[in-house]
Amino acid sequence: MTEAGEQYYSYIHKAKSLVDEGEDAISSLQGTPRGHLKVSIPMVFGHLHIAPLLSEFLHRFPDIKLNLSMDDKVVDLVEDGLDMVLRIGALSDSNLVARKLSPCRSVLCASPGYLEKYGNPETLNDLKQHNCLYYSYFRSGMEWAFDGPCGLERIKPEGNIQVNNSKVLKQLMLDDVGICQMPLFLVEQELASGALITILEQYRLPEHGIYAVYPERAFMPAKLKVFLDYLEQKLSQKVSAP
């Protein structure tokens, strides 16, 4: 883009922001939430916990047209023109608003078959002798952090595979490939059935949160407010840490 084009875009972007604020102010006075709502959520979490909630929401608010994108990749909310994104885990500093919808507890686990073959680690240092599976989009960096008997401890997991999809990581664990840190909402059924087993329970993983992230505005659009309130109500019932 030329210098003139960049300046023109800057003015147009400011003008659009003012138009959006005006529409938000008007919508906040309307009795019925309406309009297009563009949202991005993580793929696996969306499939498990958001998709089952959509029909009730759309029946309750038929004038809202929901444009939902499911992707584990971190998207640019402003650049992609999104009203809201759902993020799980540690959040980076930004000028966006983050509203916590639910806690999210994680556990370290493996299959009985893997532990029978390679042994059950008793300390964090023992993990260095094991195949640790790693989630590529992990937002807390390349280390696993634990609150253990001696306080905060960190370890860099070593293994033969990194994957950007947590459902694939779960399948690898079920296939006796290795040990992985997983959000409880994804492995509750397998833990209950014994297909997976928690390990190193004396080391507790940090509790993160499930956040709705959206731009700060003078007036929150009614369509966004009712969606946030609905998700917070439902997720606090379904995904709370035990």
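Applying the stated criterion across every chain, the model contains 0 disulfides. Unpaired in terms of disulfides, Cys 132 finds its nearest cysteine sulfur in Cys 180, a separation of 8.6 Å.

Before going further, it helps to spend a moment on the sheet that holds strand β11 (residues 197-198). Here 5 strands make up an open sheet; going across it, the order is β9-β6-β10-β5-β11 and the pairing mixed. Two strands bound the open sheet, and with one partner strand each, they are β9 (162-163) and β11. Two strands pair when backbone bridges link them, and strand β5 (residues 106-110) and β11 are joined in this way by 2 bridges, in the antiparallel orientation. Bridging from a neighbouring strand, Ala 110 pairs with Ile 197 of β11. With respect to the sheet, helix α4 (residues 166-174) is in contact with β5, β6 (132-135), β9 and β10 (179-183), its orientation differing from that of β10 by roughly 135°. Most of the contacts of helix α5 (residues 184-193) go to β10, to which it runs at about 115°, and overall it touches β5, β10 and β11.

Looking now at the environment of Lys 65. Structurally, Lys 65 can be placed in strand β2 (residues 64-70). Sequence-wise, Lys 65 and His 36 are 29 residues apart; in three dimensions their C-alpha atoms are separated by 4.6 Å. Residues within four places of Lys 65 in sequence aside, it is in contact with Gly 35, His 36 and Leu 37.

Take helix α2 (residues 43-60) next. Here α2 is 18 residues long and its end C-alpha atoms lie 24 Å apart, about the 26 Å a rise of 1.5 Å per residue gives. Of all bends in α2, the biggest is about 50°, found at Ile 50, and the proline Pro 52 comes one to four residues later. Taken as a whole, α2 has its buried residues at Val 44, Phe 45, Gly 46, His 49, Ile 50, Leu 53, Leu 54 and Phe 57.

Another aspect to go through is the pairing of β2. Relative to β2, strand β1 (residues 35-41) runs parallel, the two being bridged by 7 bridges. Note that in β2 the partner of His 36 across the bridge is Lys 65.

On to the pairing of strand β7 (residues 144-148). Within β7, 4 of the 5 residues are buried, leaving the element largely enclosed by the surrounding structure. The pairing of β7 with strand β8 (residues 151-155) spans 5 bridges and is classified as antiparallel. Considered in β8, the bridge of Asp 147 is made with Leu 152. In sequence, β7 turns back onto β8 through a hairpin of 2 residues.

Overall, the prediction assigns the protein chain a mean pLDDT of 82, with 80% of residues at 70 or greater. Of all helices and strands in the protein chain, the one with the weakest mean pLDDT is helix α1 (residues 3-29) (54), whereas helix α3 (residues 112-118) scores best (96).

Those residues of α5 that fall on the buried side of the exposure criterion are Leu 184, Phe 185, Leu 186, Val 187 and Glu 190. Buried-residue contacts for α5 involve α2, β3 (84-88), β4 (97-104), β5, α4 and β10.

Definitions and limits used
Residues numbered from 1 in each chain as written. Predicted model: local features only at pLDDT ≥ 70, side-chain atom pairs only at ≥ 80, totals over all residues. Heavy atoms only, no water. Disulfide = S-S within 2.5 Å. Pairing = 2+ DSSP bridges. Helix = DSSP H or I, 4+ residues; strand = E, 2+ residues; numbered from the N terminus. Contact = heavy atoms within 4.5 Å. Axes fitted to C-alpha atoms, helices over the stretch in contact; angles between N-to-C directions. Expected span 1.5 Å × (residues − 1). Bend = angle between axes of the 7 residues up to and from the residue. Buried < 20%, exposed > 50% of the residue type's maximum accessible area, 1.4 Å probe, protein only. pLDDT = per-residue confidence, 0-100.

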